[in-house]
Amino acid sequence: MLPGREGLNIPVDLSFAFHTDAGTTPNDSIIGTLGIYCTQGETLGNGSSRLASRDLTDLIMTEIVDDVRADFEPNWTRRGMWDRSYHEARSPEVPAMLLEFLSHQNFADMSYGLDPAFRFTVSRAIYKGMLKYIAQRDGRAYVVQPLPVRAFAIKDANGFWQLSWKETVDKHEESARPTYYLVQERQDG
């Protein structure tokens, strides 16, 4: 929230811009991931230090690169973090990050970028980075959303339906362990 501003009373914790135009290479090597934040000025409109944007950028970049390297490409490039006055990083009045994730003009990057499993991993890594930033900012513990179940099955058991599934373990995040499952039934159509 921005104190002293009229608005819809919707709290905004951060701003995130996602780009896929990080350049090209003549040899089809991975372009990789770049994070941009802006520390120009003293404080943000919400009163926090502009250095909070650097913290946000570092957490998200670390999650992305670690998960992509572990699951897809051990040589995925972490291009670094730039403190630059790009509009998407400078203008928000809350901690902000501009992510130059990969290059949609580069074959090596897009061979991953078109893979739904890769997209899921990257999206989840961004979510985890945001979650960890907010938890760290507020001094709270966090729990990452568990992954969807796998091997789901429905079996007729003498007029009753038996449901079964297996937990999907998130090898990157220990806190993403389900403690129970909620099963809902829709009746009458």
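One can find the structure itself at the top, above this paragraph.
Quick caveat, the model's predicted, so the values are computed rather than measured.

What counts, and where the lines are drawn
Residues numbered from 1 in each chain as written. Predicted model: local features only at pLDDT ≥ 70, side-chain atom pairs only at ≥ 80, totals over all residues. Heavy atoms only, no water. Salt bridge = Lys/Arg side-chain N within 4 Å of Asp/Glu carboxyl O. Helix = DSSP H or I, 4+ residues; strand = E, 2+ residues; numbered from the N terminus. Buried < 20%, exposed > 50% of the residue type's maximum accessible area, 1.4 Å probe, protein only. Expected span 1.5 Å × (residues − 1). Contact = heavy atoms within 4.5 Å. Core = buried A, V, L, I, M, F, W, Y, C linked by side-chain atoms within 4.5 Å. Patch = residues over 30% accessible without salt bridge, like charges linked within 9 Å, V, L, I, M, F, W, Y side chains within 5 Å. Areas by Shrake-Rupley, 256 points an atom, 1.4 Å probe, with all protein chains shown as cover. Axes fitted to C-alpha atoms, helices over the stretch in contact; angles between N-to-C directions. Left-handed = near helix turned anticlockwise from the far one by under 90°. Nonpolar A, V, L, I, M, F, W, Y, C, P; charged D, E, K, R; others polar. Phe/Tyr/Trp six-rings, centres within 6.5 Å; stacked < 30°, edge-to-face > 60°. Lys NZ or Arg CZ within 6 Å of the ring centre and 35° of its normal. Pairing = 2+ DSSP bridges. Right-handed = clockwise from strand over helix to strand, strands pointing away.

### Thoughts on the pattern of salt bridges
Where side chains of opposite charge bring their charged atoms close, a pairing between them can arise. Counted by the stated rule, this structure contains eleven salt bridges. One salt bridge in this structure joins Glu167 and Arg177, with 2.7 Å as the shortest N-O distance. Of the two residues, Glu167 sits in the segment after β6 (160-166) while Arg177 sits in the segment after β6, which places them ten residues apart along the sequence. A relative accessible area of 40% means that Arg177 is categorised as partly exposed. Where salt bridges share partners, they join Glu63, Asp67, Lys128, Lys132 and Glu173 into one cluster.

### As for helix α1 (residues 51-71)
Think of an α-helix as 3.6 residues a turn; residues three or four steps apart then line up on the same face. A rise of 1.5 Å per residue sets the reference length of α1, with its 21 residues, at 30 Å; its end C-alpha atoms lie 31 Å apart and thus fit the reference within 8%. For α1, the secondary structure elements touched by its buried residues are β1 (15-19), β2 (33-37), β3 (78-83), β4 (96-100) and α4 (116-138).

### A closer look at the nonpolar core
By size, the foremost hydrophobic cluster in this structure holds 25 residues, and its most contacted members are Ile64, Trp76, Leu99, Phe101 and Phe118. Sorting the residues of this core by element identifies α1, β4, α3 (107-113) and α4 as the ones contributing at least two each. If one sorts the elements of this core by residue count, α1 sits on top with seven residues. Not counting the four nearest positions on each side in its chain, Ile64 is found in contact with Thr33, Leu99, Phe101, Val122, Ala125 and Ile126.

### As for a nonpolar patch on the surface
On the surface, Val149, Phe152, Ile154, Trp161, Leu163, Tyr181 and Val183 cluster together into a nonpolar patch covering about 710 Å² of accessible area. With respect to the helices, strands and loops of the structure, Ile154 is situated in strand β5 (residues 150-157).

### Concerning the packing of α1 against α4
For the pair α1 and α4, interaxial distance at closest approach is 8 Å and the crossing angle is 145°. As α1 packs across α4, the resulting crossing turns out to be right-handed. On α4, the residues touching Ala52, Asp55, Leu56, Leu59, Ile60, Glu63, Ile64, Asp67, Val68 and Asp71 of α1 are Phe118, Thr121, Val122, Ala125, Ile126, Lys128, Gly129, Met130, Lys132, Tyr133 and Gln136. Of the residues belonging to the contact of α1 with α4, the class tally is twelve nonpolar, three polar and six charged.

### A look at the packing of aromatic side chains
With the rule as written, the count across this model stands at ten aromatic pairs. With a centroid separation of 6.1 Å and 85° between ring planes, the pair formed by Trp76 and Tyr112 is classed as edge-to-face. Within this pair, whereas Trp76 is found in the loop between α1 and β3, its partner Tyr112 is found in helix α3, the two being separated by 36 residues in sequence. Across the pair, Tyr112 and Trp76 agree in class, each one buried. If you follow Arg84 out to its NZ or CZ, it ends over the ring of Trp82, 4.4 Å from the centre.

### Structural notes on the pairing of β3
Both β2 and β3 contribute to a ladder of five bridges, which runs parallel. Looking across to β3, one finds that Gly35 is bridged to Met81. Regarding topology, α1 serves as the crossover connection from β2 to the parallel β3, and that connection is right-handed.

### Looking at the sheet that holds β4
The strand order across the open sheet formed by four strands is β1-β4-β2-β3, and the pairing between neighbours is mixed. The open sheet has two edge strands, β1 and β3, and neither has a second partner. Strand after strand, the sheet turns through a mean of 15° between neighbouring axes, direction not considered. Across three bridges, the pairing between β2 and β4 is antiparallel. Residue pairing across strands places Ile36 opposite Leu98, the latter belonging to β4.

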